[in-house]
Amino acid sequence: MILIKSERDLESMRPACGVAAKVLEQVAAFIQPGVTTAEVDQYAASLMKEYGARSAFLGYRKYPCHTCISVNEQVVHGLAGNRKLLFGDIVSVDVGVIYNGFIGDNARTVAVGGCSPAAQSLMDVTEKALYEGIAQALPGKRVIDISRAVQRFVEGHGYSVVREFVGHGVGRTMHEEPQIPNFVDGKSSPKLRPGMTLAIEPMVNAGRAGVKILKDSWTVVTGDGSLSAHFEHTVLVTETEPEIMTCPEKMPSSLKVAS
Ligand code: MF3
Ligand code: CO
């Protein structure tokens, strides 16, 4: 069953998404050559605490970190540790928080200092593919319209979409129905209705689509060692335009500190 959020639900969920977006924005700005992924994760944890939120990931199926930090050929679910980020790396940061009883989920890939034109192009295409998908989040369309738009855009640029991991409904729990694949499958696909809140999240590989999971049992890497990028927003289906919920402006003004 796909949960439809009431206006009252959304009044609680928008600030949760705002906090998730603000944390992601600040973490992205913190990333620079020489910092370790554990320092990035700790910084995210300290921001969540400052905002009165907590990680939606920590403890989920025993996940051990506050965020997912996936470097270069790592696709998603990378674990923070003593790895130092180097100039030219690309880092996918996934931030999910619980606040007001709701979850906001978002991710983006950033370059550490700078990166190769090939890496930049992969990131640009992945981010644009996310927006192609979001543009389909309209009442009367189906989930598969999102999937098709993402896949077409990505494959049109010579990259591939990951099959094993998908976007999802999100609300009081992190993974609600429906699943949102980034490719067209043969399955029946639910119709989109106002009040649905969707985490749309293309994971795009520069090379082949296949992935492997490392022995830490979490980190997903490309099978061919090629670079991978990941962008995600939590999006509300409305009567009119899709509403991107994970934007920093939706953070409650009471939490904003003078800087
Ligand atoms: N954004 C990811 C997802 O929606 C993050 C989950 S990481 C986990 O699935 F550790 F919590 F599983
Ligand atoms: Co997600």
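Here we summarise the structure given alongside this text.

The rules behind each value
Residues numbered from 1 in each chain as written. Chains lettered and ligands numbered in written order. Predicted model: local features only at pLDDT ≥ 70, side-chain atom pairs only at ≥ 80, totals over all residues. Heavy atoms only, no water. Helix = DSSP H or I, 4+ residues; strand = E, 2+ residues; numbered from the N terminus. Rg over C-alpha atoms; globule rule 2.2 N^0.38 Å. Buried < 20%, exposed > 50% of the residue type's maximum accessible area, 1.4 Å probe, protein only. Contact = heavy atoms within 4.5 Å. Lys, Arg positive; Asp, Glu negative; His and termini not counted. Charge placed at Lys NZ, Arg CZ, Asp CG, Glu CD. Pairing = 2+ DSSP bridges. Axes fitted to C-alpha atoms, helices over the stretch in contact; angles between N-to-C directions. Core = buried A, V, L, I, M, F, W, Y, C linked by side-chain atoms within 4.5 Å. Salt bridge = Lys/Arg side-chain N within 4 Å of Asp/Glu carboxyl O. Donors = N, O, S within 2.8 Å, 3.2 Å for Na, K, Ca; no water. Tetrahedral: all angles 85-135°; square planar, octahedral: opposite > 155°, others 65-115°. Phe/Tyr/Trp six-rings, centres within 6.5 Å; stacked < 30°, edge-to-face > 60°.

1. Here's the deal with the overall build of the protein
Turning to step 1, where the next piece is worked out: When its secondary structure is counted, the protein shows four helices and 15 strands.
Turning to step 2, where the next piece is worked out: For the protein, the C-alpha radius of gyration of 17 Å lies close to 18 Å, the compact-globule estimate for 259 residues.
Turning to step 3, where the next piece is worked out: Counting the 259 residues in the protein, one finds 54% classified as buried.
Turning to step 4, where the next piece is worked out: In the protein, the proportion of contacts linking residues at least 24 apart, taken out of those at least 6 apart, comes to 70%.
Turning to step 5, where the next piece is worked out: For the protein, the distance from the average position of its 26 positive side-chain charges to the average position of its 28 negative side-chain charges is 4 Å.

2. Description of the sheet that holds strand S3 (residues 74-76)
Turning to step 1, where the next piece is worked out: On the basis of which strands lie adjacent, the open sheet formed by three strands has the order S3-S12-S11 and antiparallel pairing. Here the strands that pair on one side only, and so sit at the sheet edges, are S3 and strand S11 (211-213). Ignoring which end each strand starts from, the neighbouring axes of this sheet average 40° apart.
Turning to step 2, where the next piece is worked out: Bridging between S3 and strand S12 (residues 220-222) involves two bridges; their strand directions are antiparallel. What sits directly across from Val-76, in S12, is Val-220.

3. Structural notes on the nonpolar core
Turning to step 1, where the next piece is worked out: The biggest cluster of nonpolar side chains holds 43 residues, and the ones touching the most others in it are Val-19, Val-23, Ile-31, Leu-85 and Val-91.
Turning to step 2, where the next piece is worked out: When contributions to this core are tallied by element, the ones reaching two or more residues are helix H1 (7-30), helix H2 (37-50), strand S2 (68-71), strand S4 (90-99) and strand S5 (102-111).
Turning to step 3, where the next piece is worked out: Counting residues per element, this core draws most heavily on H1, which supplies ten residues.
Turning to step 4, where the next piece is worked out: If we skip the residues at most four places from it in the chain, Val-23 touches Ala-44, Leu-47, Met-48, Tyr-51 and Val-95.
Turning to step 5, where the next piece is worked out: Counting residues in hydrophobic clusters, the runner-up holds 27 residues, among them Ile-90, Ala-137, Val-143 and Ala-229.

4. A look at the pattern of salt bridges
Turning to step 1, where the next piece is worked out: Counted under the stated rule, the structure contains seven salt bridges.
Turning to step 2, where the next piece is worked out: Ionic pairing is found between Lys-22 and Glu-25, a salt bridge with its closest N-O pair at 3.1 Å. Of this pair, Lys-22 and Glu-25 both sit in helix H1, three residues apart, roughly one helical turn.
Turning to step 3, where the next piece is worked out: A salt bridge links Asp-145 to Arg-148, with the shortest nitrogen-to-oxygen separation between them at 2.9 Å. Remark: Arg-148 and Asp-145 occur in helix H4 (residues 143-156); sequence separation between them is three residues, near one turn of the helix.
Turning to step 4, where the next piece is worked out: Look at Asp-145 and you get buried, because its relative accessible area is 18%.
Turning to step 5, where the next piece is worked out: Overall, the relative accessible area of 29% leaves Arg-148 in the partly exposed class.
Turning to step 6, where the next piece is worked out: One salt-bridge network, held together by shared partners, links Glu-7, Arg-14, Glu-243 and Lys-250.

5. Quick look at the coordination of the cobalt ion (ligand 2)
Turning to step 1, where the next piece is worked out: The protein atoms that coordinate the cobalt ion (ligand 2) are Asp-105 (OD), His-168 (NE2), Glu-201 (OE) and Glu-232 (OE), at distances of 2.1 to 2.3 Å.
Turning to step 2, where the next piece is worked out: The coordination sphere of the cobalt ion (ligand 2) comprises six donor atoms, whose angles at the metal cover 65 to 172°; the geometry is irregular.
Turning to step 3, where the next piece is worked out: If you list the donors of the cobalt ion (ligand 2) from N- to C-terminus, the spacing comes out as D-x62-H-x32-E-x30-E. Of the two residues, His-168 sits in strand S7 (residues 167-169) while Glu-201 sits in the loop between strand S9 (197-200) and strand S10 (203-205), which places them 33 residues apart along the sequence. Neither residue differs from the other here; His-168 and Glu-201 are each classed as buried.

6. Things to note about the packing of aromatic side chains
Turning to step 1, where the next piece is worked out: Counted under the stated rule, the structure contains two aromatic pairs.
Turning to step 2, where the next piece is worked out: When the ring of Phe-30 is compared with that of Tyr-43, the centres are 4.2 Å apart and the planes differ by 10°; the resulting orientation is stacked. Remark: Tyr-43 occurs in helix H2 and Phe-30 occurs in helix H1; sequence separation between them is 13 residues.
Turning to step 3, where the next piece is worked out: When the centroid spacing of 4.8 Å and the interplanar angle of 85° are considered together, the rings of Tyr-63 and Trp-218 count as edge-to-face.

7. Concerning the sheet that holds S7
Turning to step 1, where the next piece is worked out: If you trace the five strands from one edge of the open sheet to the other, you get S8-S7-S9-S14-S15, paired in antiparallel fashion. In the strand order of this sheet, the two ends are held by strand S8 (176-180) and strand S15 (243-244), each with one partner.
Turning to step 2, where the next piece is worked out: With two bridges joining them, strand S14 (residues 233-236) and S15 adopt antiparallel strand pairing. Each bridged residue has a counterpart across the sheet, and for Leu-236 the counterpart in S15 is Glu-243.
Turning to step 3, where the next piece is worked out: The strands touched by helix H3 (residues 117-134) within the sheet are S9, S14 and S15, with S14 carrying the most contacts at an inclination of about 15°.
Turning to step 4, where the next piece is worked out: Together, S8 and S9 form the strand contacts of H4, whose direction differs from that of S8 by roughly 35°.

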